[in-house]
Structure formats: structure tokens, C-alpha cells
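Summary of structural features
Residues per chain are reported as follows:
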Amino acid sequence: MADWIEACLVDDVDEEDVIRFDHEGRTFAIYRSPDGQFFATDGLCTHEKVHLADGLVMDDIIECPKHNGRFNYKTGAAKGAPVCVNLATYPVKVEAGTVFIGLD
Amino acid sequence: MSSMEKTKRDYSLVGESTRRAIETGLASAEWYHTDVPRKVMKDLMQRSDGPAIRDTILWFALLIGSAAGAIWFWGTWWCVPFFFVYGVIYGSSSDSRWHECGHGTAFRTRWMNDVIYQIASFMLMRNPVQWRWSHARHHTDTIIVGRDAEIAVMRPPDLLKAALMFTGLLDFRYSLPGLFRQAFRGLNAEEESYIPEMERHRAVVAARWHVAIYLATLAVALYSWSFLPLMLIGLPRLYGSWHMVLTGLLQHIGLADNVTDHRLNSRTVYMNPVSRWIYWNMNYHVEHHMFPMVPYHALPRLHELIKHDLPEPNPSMWHAYREAWPALLRQLKYEDYFLKRELPPTARPYRDEFHNLATPTAAE
Ligand code: FES
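Position numbers for residues count from 1 along each chain, tracking the sequence in the order it is written. Note on labels: chains are lettered from A, ligands numbered from 1, in written order. Per-residue local features are limited, in this predicted model, to residues with pLDDT of at least 70; the limit for side-chain atom pairs, both in listing and counting, is 80 or more; totals at the level of whole chains, interfaces and linings are taken over all residues. Heavy atoms throughout the structure, all of them, feed into the side-chain values; hydrogens and water do not.

- The name an unreviewed UniProt entry assigns to chain B is Fatty acid desaturase, from the organism Aquibium carbonis.

- Labelled according to an unreviewed UniProt entry, chain A appears under the name Rieske family ferredoxin, originating from Aquibium carbonis.
- Looking at the Sequence similarities (unreviewed entry) heading of the UniProt record, one finds this comment for chain A: "Belongs to the bacterial ring-hydroxylating dioxygenase ferredoxin component family."
- UniProt positions are given in the numbering used here, feature names are shortened, and annotations may be inferred rather than shown by experiment. Regarding chain A, the UniProt comment filed under Cofactor (unreviewed entry) reads as follows: "[2Fe-2S] cluster".

Okay, structure coming up:
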């Protein structure tokens, strides 16, 4: 059963963008897709622990700011070198203009 | 940090400097970035296919046109200007295409980046898998001795070697046998230090493809008893790479090593529009290293935005070489010497406590 943690307000994230969310010593990335849906992944790239929130969201891809490694932020799938390890993803729900992420 | 500078540099990627870089935290360190508001940076990072498609059409037109002219006039002196153009397109501009498409920033469409990356890697005799990883390392640990696999001029500098680079001979000597070795014997320990295990087989397969094409070209040359096939495939890496070296050497020579601020180890140089087209704006090199997500066509805009925080760019290639040359000469005797580039008053200062810039060997 996931604990729902309040991450941000809907308006905090632009469409096709990402922000960083830190919680209890962990860091996450909260995405808003071009069609307005919200998603969450681990905040650090699996290649060299760089914050993905400084990267670029294009459609359903987050591109890491350090070496341009790409992940599908909806599934966490690594899309080729230099990223080889998938990102962990987390469930998200939106209630009354607030974005929550589900953590175990 | 200071202890690193006092010790002889070991450029092996699995040696003493590697161990020290990891121990002192220089490897995979946090680097300095100029502050740019997120909205502005997002706008600068935006990808588009338009500029790179336009440039690539021109690139192929020049490549095919000059090859056609060279073939047509083969056997007469008139082929020389055609080979001159063909050589620069094949042996020099391919480097910037390889680089930008390797970052995935040239085109918005992924497969376009991948196709041009593969073609350019072949032209450069670079294993496309291996070099993707070595370049990632170059961005993580730019000019960190023992970590960066792409340091062009080491210290103390070998000036004869640097001069020979303009002929393409040295690169050719390492690249081609390197591909053959990878194709038949596999990767060596240095390569394995930055290529993850799951990618190594792909690197070997890529080397085999390259080698197969070179052997086929050689067979055609022997069969037709003509140098022409080799002048078109392979040899342009020798006679056409001078522009790549001319522009590329300026990226880091004479500047600091083992620092974590690209303003100290990289150089931005204003260049003429032709060189900038060949080089795809990599003359904005500090900007590129600080923000590798920004596509080549947006680098002039990025430069305007952050130049208040960067050292004054060199106004020309000539100026940059005149600046670097005395530093290289001094490094022959004092290998710790480097040019410390002055920041404008509007810039955030270098982090002296970490970079040990009070060293008496540094010059303003
Ligand atoms: S740190 Fe993300 S791709 Fe290298």
C-alpha cells in the first residue's frame, strides 16, 4: 500500500516540463506531459547521478542534462547509451490541484 | 588538488592519476555552471530538425559534388581543388557532425542523429560505440588527468606530435590499427575502463563493419589498379583533417587541467563563418561544456546570455594560437604552467580554494 506524499501544485510544473522534489533524503522528478498528465521517477540519472530536473522533456522522453541520455519518463525505460539502467517510476495522483506521489 | 599538480601526470586511464583523481573527488565532481533561469534554458535547449536538415543537405551536396569533380578530373591537376573541398568535408566537418549527433542535439528526430552519427564515425575511423562512451567521459571529467580519454595535448606537450596532427597521420596511425585490433582481438583495458560490459560486444561488431568496408575499398583499388577509391574512402582522414585539428586543438590547449570549472579549462574563440559552419559552432566551447544540452545552432544565443560570466573570448583563431603557443613552450620546462584566463568584473570568481589558482606557475 503506497503512502501518498504531497509533491507540488499542478501549476508548479509547466506542460512538457519537469521539476525536482526532495523528500526524506530522496530526490524525485515530477513530470507534466504535453497533454497535461503527471508522472514521477527517481530524480537522479542512472548513469552518473545527475538531477534529471535540469534536463529537457520532449513528448514522453526526459533527456539528462549531463550526457543527453534519454529515458521514457512514463515507463522509466532507458533509451540507449549512455544510459543502460532503467529509472524507477512512482504512481501519481492529482487531487484538488495538488500532485501526490505514491511511495512504498 | 595541489598534490596532483606537483606530481608527474600519468595519462593512462587505469594508472596512478586515475586513482588520485578518484580519491581526491576530482572524478565525477560537481562542476561550476553559470546561473540561467530555467525558462530561458528550456527555450535554448529546444530541439528542431530544420537547421540540421538544411546543413546536412548542404553537407551531402558538397560531399557528392566535390567527389564527382575529383573523379571527373582524376589524373589532372584540376582534381586538386575538388579533393581539397572533399577532404575538409570528409575529414574535418564530419567531426562536428559526429560530435553533435552523438549528443543527440543536432536534430530533434532521434534516428536522424543516429544515421549521421554512424556515417560521421565511419569517416573519422572512430568506433561509434567506443567513442560515444569516451565522449561521455570527456564531459564528466573534462581534462582531468587519468580520467579524460580525449586530452589532445598532454603535458609536457609533445609539439612535434601536435604539429603532425595537422597531417592526420597520428590519428590515422592509431585509429585504423585500433579498429583492426578491436575487430579481431577485442577491446583493451583502457577502453574497457569506460565502456560498460553490456556495450562491448556492440563495439567489436561496429569495428568489424568498418574494417570490412576498408578491406572492400582496398580490394576495389587493387582490382582497378587505382588510388582513386582510397582517395575517396579512408585517405581523406589524412589529407582533410587539418581543419578539424586547427579548430579542435584550441578547445583546451595551454589552459588548466584538474579543475572543475570549464571557464578555466576550455576556450571560446570567435571564428569566421565558414569555419563555424564546418565546426558547427563548437568554437563556443565553454558554453558547450557548461550546457551540453544546447544545440549547436543555439550556442551563439547562449554565448550572448552568459558571456558576462565567462573569460573574454579570443577574437580569432590566430589570436588564440598566439596566446597558447608561449604557454605550451613554458609547459615544456614547467608542466604545471597554464594560462589562467581573466574573468570580467561581472563574473562570479573562480573557486580559488579548490582550484589552487594561487600557484605561482599560473599566468593571468
Ligand atoms: S549522467 Fe545522465 S546520461 Fe550521463
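Some words on the sheet that holds strand S10 (residues 98-103) of chain A
Residues and elements named next belong to chain A.
- In space, the three strands of this open sheet follow the order S1-S10-S9, with antiparallel pairing throughout. Edge positions in the open sheet fall to strand S1 (3-9) and strand S9 (92-95), since each of these has one partner strand only. Mean inter-strand twist for the sheet, computed between neighbouring axes without regard to direction, equals 30°.
- Paired strands, in this sense, are two strands between which DSSP finds at least two bridges. Counting from the N terminus, the helices are DSSP H or I runs at least four residues long and the strands are E runs at least two residues long. The pairing of S9 with S10 spans four bridges and is classified as antiparallel. For Lys-93, the partnering residue across the bridge sits in S10 and is Phe-100. Axes here refer to lines fitted to C-alpha atoms; in helices the fit is confined to the stretch in contact. Angles between the N-to-C directions go from 0 to 180 degrees.

Section: the side chain of Asn-68 of chain A
- Relative to the elements of secondary structure, Asn-68 of chain A occurs in the loop between strand S6 (61-63) and strand S7 (70-72).
- Identification of polar contacts relies on pairs of N or O atoms within 3.5 Å, with a donor-acceptor requirement for protein atoms, meaning one able to donate a hydrogen and the other able to accept it, and with residues adjacent in sequence counted only if both atoms are side-chain atoms. Separated by 3.0 Å, the side chains of Asn-68 of chain A and Glu-63 of chain A make a polar contact.
- For Asn-68 of chain A, the residues in contact, after removing those within four places along its chain, are Glu-63 of chain A together with Arg-47, His-103, Thr-105, Arg-110, Pro-292 and Met-293 of chain B. Residue contacts follow a heavy-atom distance rule, with two residues in contact if any of their heavy atoms lie within 4.5 Å.

Some thoughts on unusual backbone geometry
Residue and element names in this part refer to chain B.
- Following Arg-155, the chain continues to Pro-156 via a peptide bond in cis, the omega torsion being -5°.
- The topology assignment puts Pro-156 in the loop between helix H7 (128-140) and helix H8 (159-165).
- Residues other than glycine seldom take positive phi values, yet Trp-280 does so here, at roughly 45°.

Some details on H7 of chain B
Residues and elements named next belong to chain B.
- A helix is expected to span 1.5 Å multiplied by its residue count minus one. When the terminal C-alpha atoms of H7 are compared, their 19 Å separation across 13 residues agrees well with the 18 Å that a helix rising 1.5 Å per residue should span.
- In this scheme, a residue with accessible area under 20% of its type's maximum is buried, one over 50% is exposed, and one in between is partly exposed, where area comes from a 1.4 Å probe on protein chains only. Counting buried positions along H7 yields 12 of 13 residues, so the element is predominantly enclosed.
- For H7, every residue scored as buried is listed here: Pro-128, Val-129, Gln-130, Arg-132, Trp-133, Ser-134, His-135, Ala-136, Arg-137, His-138, His-139 and Thr-140.
- Residues of H7 that are buried sit in contact with helix H5 (79-103), helix H6 (110-123), helix H9 (169-184), helix H10 (189-194), helix H11 (197-224) and helix H17 (285-290).
- Sitting at the head of H7, Asn-127 places a side-chain oxygen 3.0 Å from the backbone nitrogen of Val-129.

Side note on the pattern of salt bridges
All names here are of chain B.
- Salt bridge, as used here: a side-chain nitrogen of Lys or Arg that lies within 4 Å of a carboxyl oxygen of Asp or Glu. Per the stated rule, a full pass over the model turns up 31 salt bridges over all chains.
- Here Glu-335 and Arg-9 are joined by a salt bridge, their closest N and O atoms 2.9 Å apart. Here Glu-335, found in the loop between helix H19 (317-333) and strand S1 (338-339), pairs with Arg-9, found in the loop between helix H1 (2-6) and helix H2 (16-24); they are 326 residues apart in sequence, far enough to count as distant. In this pair, the class of Glu-335 matches that of Arg-9, namely buried.
- Of the charged contacts, one joins Arg-267 and Glu-323 as a salt bridge, the two residues approaching to 3.2 Å between their closest N and O atoms.

Observations regarding the packing of H5 of chain B against H7 of chain B
All names here are of chain B.
- In contact at an axis separation of 11 Å, H5 and H7 are set at 80° when each is read in the N-to-C sense. The angle between H5 and H7 falls in the class roughly perpendicular. The residues of H7 that touch H5, namely those facing Trp-98, His-99, Gly-102 and His-103, are Trp-131, Arg-132, His-135 and His-139.
- Class assignment of the residues belonging to the contact of H5 with H7 gives a composition of two nonpolar, five polar and one charged. These descriptions rest on fixed angle ranges, namely under 35 degrees for roughly parallel, over 145 for roughly antiparallel, 65 to 115 for roughly perpendicular, and the rest for oblique. In the scheme used here, Gly and all other residues not listed as nonpolar or charged are polar, with Ala, Val, Leu, Ile, Met, Phe, Trp, Tyr, Cys and Pro taken as nonpolar and Asp, Glu, Lys and Arg as charged.

Considerations on the pairing of S10 of chain A
Residue and element names in this part refer to chain A.
- Within S10, six of the six residues are buried, which leaves it mostly tucked inside the rest of the structure.
- Residues Thr-98, Phe-100 and Gly-102 of S10 are buried on one face, and the alternating residues Val-99, Ile-101 and Leu-103, pointing to the opposite face, are buried as well.
- Of the pairings in the sheet, the one linking S1 to S10 comprises six bridges and is antiparallel in character. Each bridged residue has a counterpart across the sheet, and for Ile-5 the counterpart in S10 is Ile-101.

Quick notes on the side chain of Asn-72 of chain A
Residues and elements named next belong to chain A.
- Within the fold, Asn-72 resides in strand S7.
- At 2.7 Å, the side chain of Asn-72 forms a polar contact with the backbone nitrogen of Lys-74.
- For Asn-72, the residues in contact, after removing those within four places along its chain, are Asp-60, Ile-61, Ala-77 and Lys-79.

With respect to the nonpolar core
Residue and element names in this part refer to chain B.
- Among the nonpolar cores identified, the biggest contains 38 residues, and Phe-83 and Phe-107 are the most heavily contacted of them.
- Every element with two or more residues in this core is listed here: helix H4 (50-72), H5, H6, H9, H11, helix H12 (228-232) and helix H16 (273-279).
- Per-element accounting of this core gives the leading share, eight residues, to H5.
- When near neighbours in sequence (up to four residues on either side) are disregarded, Phe-107 contacts Ser-48, Asp-49, Ala-52, Ile-53, Thr-56, Cys-101, Met-112, Asn-113 and Ile-116.
- Grouped together as the second largest cluster of nonpolar side chains are 25 residues, Met-41, Leu-44, Tyr-279 and Tyr-284 included. Here, nonpolar core refers to any group of buried Ala, Val, Leu, Ile, Met, Phe, Trp, Tyr and Cys residues whose side-chain atoms link them within 4.5 Å.

Thoughts on the UniProt feature "domain: Rieske" (unreviewed entry) in chain A
- Within the UniProt annotation, "domain: Rieske" (unreviewed entry) is assigned to residues 5-101 of chain A.
- When the span residues 5-101 of chain A is considered, its composition is 0% helix and 44% strand, and the gap between its end C-alpha atoms is 5 Å.

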